[in-house]
Amino acid sequence: MHYTPKEGEIVLAIDLGTSNTCCCVYDGIDYRTIDINGTNLLPSYVWYKNDGSVVCGSAAKTAMKRRNVFVVCNSKRIIGRPYASSEVQKLNNYCGTTLVDDKGVPKFVVSDNGERVSSTEVATEIIKEVLDQVRKAYPGKTVARAIITTPAYFNANQKSATLQAAINAGFAREQIDTLNEPTAAAICYCLENNSVDEKILVYDLGGGTFDVSLLRVHNNEFVVLGCDGDNAFGGVDIDKCVMELLMEKYEAKFGAPLVSASMEEKKKTRYNRQIQAMSELTKIILSTTSETSVDFSELDHVLSTENNDDDQLVVTREEMEGAIRPLIDKTIITLRHLLSEAEVAAKDVDSVVIVGGSSHIPLVRETLRREFGDAKVTLGVDPSECVARGGCVSIVKGVRSQELATFSLGTSLENNEVMWIIPYHSPLPVTYTTSVMTAEDYAEQVRTNVVEGHGSTSGLVEMVTPDMVTLPMYSFTGFPRRPKGEVAFDITYTMKENGTLFITAKEKATGRVLLDSFEVTCFEWFCVLQQTRTLVRVGVPRLVQRIEPGVVQRVVRRDALRRVVGEHFLYLIHAEQRHIQEILRQGI
């Protein structure tokens, strides 16, 4: 359904990027990318000043090179992750300031007194700055609806933490929604190129994340056929490769490292910031020229005793491409895996849409052209602006899109196991209903966790691995206290089109709602799998997909019926005995 802003209203979409943020606004007349200090992009840098004020954007990025400043960058790579994750540990020296562990949450130190902020709080400041610029461009206008885009391969914690940042910045929950970045890019491409019937592959290599999605577009409907990616890989990693190249060349020429391991930690952090900025600039220059001179005298600890030429090194595009080629090849492996799973050959892809700031690198385009042919790799959209524009168009045009569940969702079991309920790549929206009953005599409360991972089969039980994500615990009370097994419940998991998970619990005997559409969100803390002394038996999950209400879409193999898993939160009864017998009789 189309949406037309009323008089005095606007709609907008924000592409909150790792390196840069972009915003597109529709005022009822046309689409406009917000100009911020002469550019359409706001650098995603936040400077926490000593006087308590906060500065975002280009000024913060420039200040990052100075001494005794606290500037946060690359925070999108941290958002929604626990401090102990390997992804956070890898970025410890690449976020502008020191990362510390605050009760399991990674936080940035932003003052000499040790004041700390989370990545969600950093994102809030960036969104606030964007909204300030929108108010200047549209004085007196109110925002009726908004979209904040997220990588398709963000997990639920990352998406909900991003959404929370927008709410903290002033949006009401009912006012804002999320949209996957590749889908937004495809919408923009189709609008600007009058595409109505195509298979489109979106290759989105941003500053901190990589997404690749395959969509079928017909008229105004976008169906995601498959998605893959890495939410901990992007331009930041390319910058790190260029940084290592510069440091190697410097040490080879001058016989001493740019940054010594024996340096005091505060100095080392500052020098790393300066070299990081130099590496990013080198990457940008070499994306348009064949070679460049890097002047190390700009670093505040490199003092030339002769002329400035002694502190300069020539770096060529060929050298940079040699350093980063393994990273680009890694994205092609992911891309091929996606096509293989979707059972689509490269020759059957009509267009390849390149998105993200890092896609400006010539090697990216050359590699994709070798894979798909010159004609299919399109430059028909602005890689840096198309996601925000597509998000805005999705509101106004009422675009219909069917996404996939990027990850599977299951329930945590004792003995460090998980049983998958919603398989990954399930078409959205989707609903699963599971019958459960109490496992303890006279229980007053039911509680359990949802776990996120890559389970491909509903009902499959496996060990929890470090790459799985535990979502916040949910619980409910208000049912009669009776012996175990005498109180039964219907638990419903509903995943909306945007990937948001809602949980509803009803008492089976009365139909009374005990938990009503509980939205699973991230609140800057991370659950620990809890151990209890209650029994679980794994049975058959029943999937009812709400495209055709009441139609059973998928069941699991019978070997899942025979699995008994020791102890857990609930005694799970997933199907009546007659349903199990029917499935076994059919030989599934």
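Scroll up to find the structure this text is about.
All figures in this text were calculated on a predicted structure; none of them were measured in a lab. (Residues numbered from 1 in each chain as written. Predicted model: local features only at pLDDT ≥ 70, side-chain atom pairs only at ≥ 80, totals over all residues. Heavy atoms only, no water.)

Asker: Whenever I open this one, the packing of aromatic side chains confuses me. Can you help?
Answerer: Evaluation of the coordinates by the stated rule reveals 9 aromatic pairs. Plain terms: the ring middles of Phe476 and Phe479 are 6.2 Å apart, the flat faces sit at 70° to each other, and that makes the pair edge-to-face. Residue Phe476 is classed as buried on the basis of its relative accessible area, which comes to 3%. Centre to centre, the rings of Phe476 and Phe489 are 5.1 Å apart; their planes meet at 75°, and the pair counts as edge-to-face. Remark: Phe489 occurs in strand 29 (residues 488-495) and Phe476 occurs in strand 28 (residues 474-476); sequence separation between them is 13 residues. (Phe/Tyr/Trp six-rings, centres within 6.5 Å; stacked < 30°, edge-to-face > 60°. Buried < 20%, exposed > 50% of the residue type's maximum accessible area, 1.4 Å probe, protein only. Helix = DSSP H or I, 4+ residues; strand = E, 2+ residues; numbered from the N terminus.)

Asker: How should the sheet that holds strand 8 (residues 99-102) be read in this particular structure?
Answerer: Consider a sheet: its strands pair through backbone hydrogen bonds, and that pairing is either parallel or antiparallel. Pairing within the open sheet is antiparallel, and its 3 strands lie in the order 8-9-10. One side of each edge strand has no neighbouring strand; the edge strands of this open sheet are strand 8 and strand 10 (116-118). On average, each strand axis in the sheet is inclined to that of its neighbour by 45°, with strand direction left out of account. Pairing of strand 9 (residues 105-109) with strand 10, which is carried by 3 bridges, proceeds in the antiparallel orientation. Looking at the pairing, Lys107 lines up with Ser118 of strand 10. Of the strands in this sheet, strand 9 and strand 10 touch helix 3 (residues 119-137), which is tilted by about 80° from strand 10. (Pairing = 2+ DSSP bridges. Axes fitted to C-alpha atoms, helices over the stretch in contact; angles between N-to-C directions. Contact = heavy atoms within 4.5 Å.)

Asker: Looking at this structure, how should I read the pairing of strand 18 (residues 351-355)?
Answerer: Moving residue by residue along a regular strand, the side chains alternate between the two faces of the sheet. With respect to burial, strand 18 is a largely interior element, 5 of its 5 residues being buried. Assessed by its sense of winding, the connection that carries the chain from strand 18 through helix 9 (residues 362-372) to strand 19 (residues 377-378) is right-handed. (Right-handed = clockwise from strand over helix to strand, strands pointing away.)

Asker: Quick question: what am I supposed to make of the sheet that holds strand 7 (residues 71-72) here?
Answerer: Spatially, 6-5-7 is the arrangement adopted by the 3 strands of the open sheet, whose pairing is antiparallel. Every other strand in the sheet has two partners, leaving strand 6 (54-56) and strand 7 as the edge strands with one partner each. Here strand 5 (residues 46-48) runs beside strand 7; their pairing, made up of 2 bridges, is antiparallel. Paired with Trp47 across the strands is Val71, a residue of strand 7.

Asker: Can you help me understand the nonpolar core in this one?
Answerer: A general feature of soluble globular proteins is that nonpolar side chains tend to end up buried together. Judged by nonpolar contacts, the single largest core of 89 residues is most densely connected at Ile127, Leu201 and Leu368. Every residue in contact with Leu201, bar those within four places of it in the chain, is listed here: Val212, Ser213, Leu214, Leu335, Leu338, Leu339, Val349, Ser351, Val352, Val353 and Phe372. (Core = buried A, V, L, I, M, F, W, Y, C linked by side-chain atoms within 4.5 Å.)

Asker: Looking at this structure, I do not really get the pattern of salt bridges. What am I missing?
Answerer: Pairs can form between side chains of opposite charge whenever their charged atoms are close. Per the counting criterion, the structure on display carries 17 salt bridges. The shortest N-O distance in the salt bridge between Asp348 and Lys347 comes to 3.3 Å. According to the relative accessible area criterion, Lys347 is exposed, its value standing at 65%. One salt-bridge network, in which partners are shared between bridges, spans Asp102, Lys107 and Arg116. (Salt bridge = Lys/Arg side-chain N within 4 Å of Asp/Glu carboxyl O.)

Asker: Where do I start with helix 9 in this structure?
Answerer: Because an α-helix packs 3.6 residues into every turn, residues spaced three or four apart end up facing the same way. Along helix 9, the residues classified as buried are Pro362, Leu363, Val364, Arg365, Thr367, Leu368 and Phe372. Downstream of helix 9 by one or two residues, Gly373 has phi in the positive range, about 100°.

Asker: I tried to follow the environment of Val469 on my own but got confused; where do I start?
Answerer: Considering the arrangement of structural elements, one finds Val469 in strand 27 (residues 469-470). Judged by relative accessible area, Val469 falls into the buried class, the value being 17%. Those residues in contact with Val469, other than ones at most four positions away along the chain, are Asn155, Asn157, Val450, Val451 and Glu452.

Asker: Where do I start with the pairing of strand 9 in this structure?
Answerer: Where burial is concerned, most of strand 9 is hidden: 4 out of the 5 residues are buried. Sheet topology places strand 8 next to strand 9; 4 bridges connect them, and they run antiparallel. Bridge pairing links Val100 to Lys107 in strand 9. Between strand 8 and strand 9, which pair antiparallel one after the other, the connecting turn spans 2 residues, and Lys103 there sits at a positive phi close to 55°. A loop of 6 residues connects strand 9 with strand 10, the two strands running antiparallel in sequence, and Gly114 in this loop sits at a positive phi of about 85°.

Asker: I'm lost on the environment of Thr465 in this one. Help?
Answerer: Summarising the element assignment, Thr465 is placed in the loop between strand 26 (461-463) and strand 27. Taking C-alpha positions, Thr465 is 8.9 Å from Glu417, a pair spaced 48 residues apart along the chain.

Asker: Explain the packing of helix 6 (residues 235-254) against helix 7 (residues 265-286) to me, please; I cannot follow it from the model alone.
Answerer: Helix-helix packing is described using two parameters, namely the angle between the two axes and the distance between the axes. Contact geometry of helix 6 with helix 7 gives a least axis separation of 8 Å together with a crossing angle of 105°. Put simply, helix 6 runs roughly perpendicular to helix 7. Judged by residue contacts, Gly235, Ile238, Asp239, Val242, Met243, Leu246 and Met247 of helix 6 engage Asn272, Ile275, Gln276, Met278, Ser279, Glu280, Thr282 and Lys283 from helix 7. Within the contact of helix 6 with helix 7, the residues separate by chemical class into 7 nonpolar, 5 polar and 3 charged. (Parallel < 35°, antiparallel > 145°, perpendicular 65-115°, else oblique. Nonpolar A, V, L, I, M, F, W, Y, C, P; charged D, E, K, R; others polar.)

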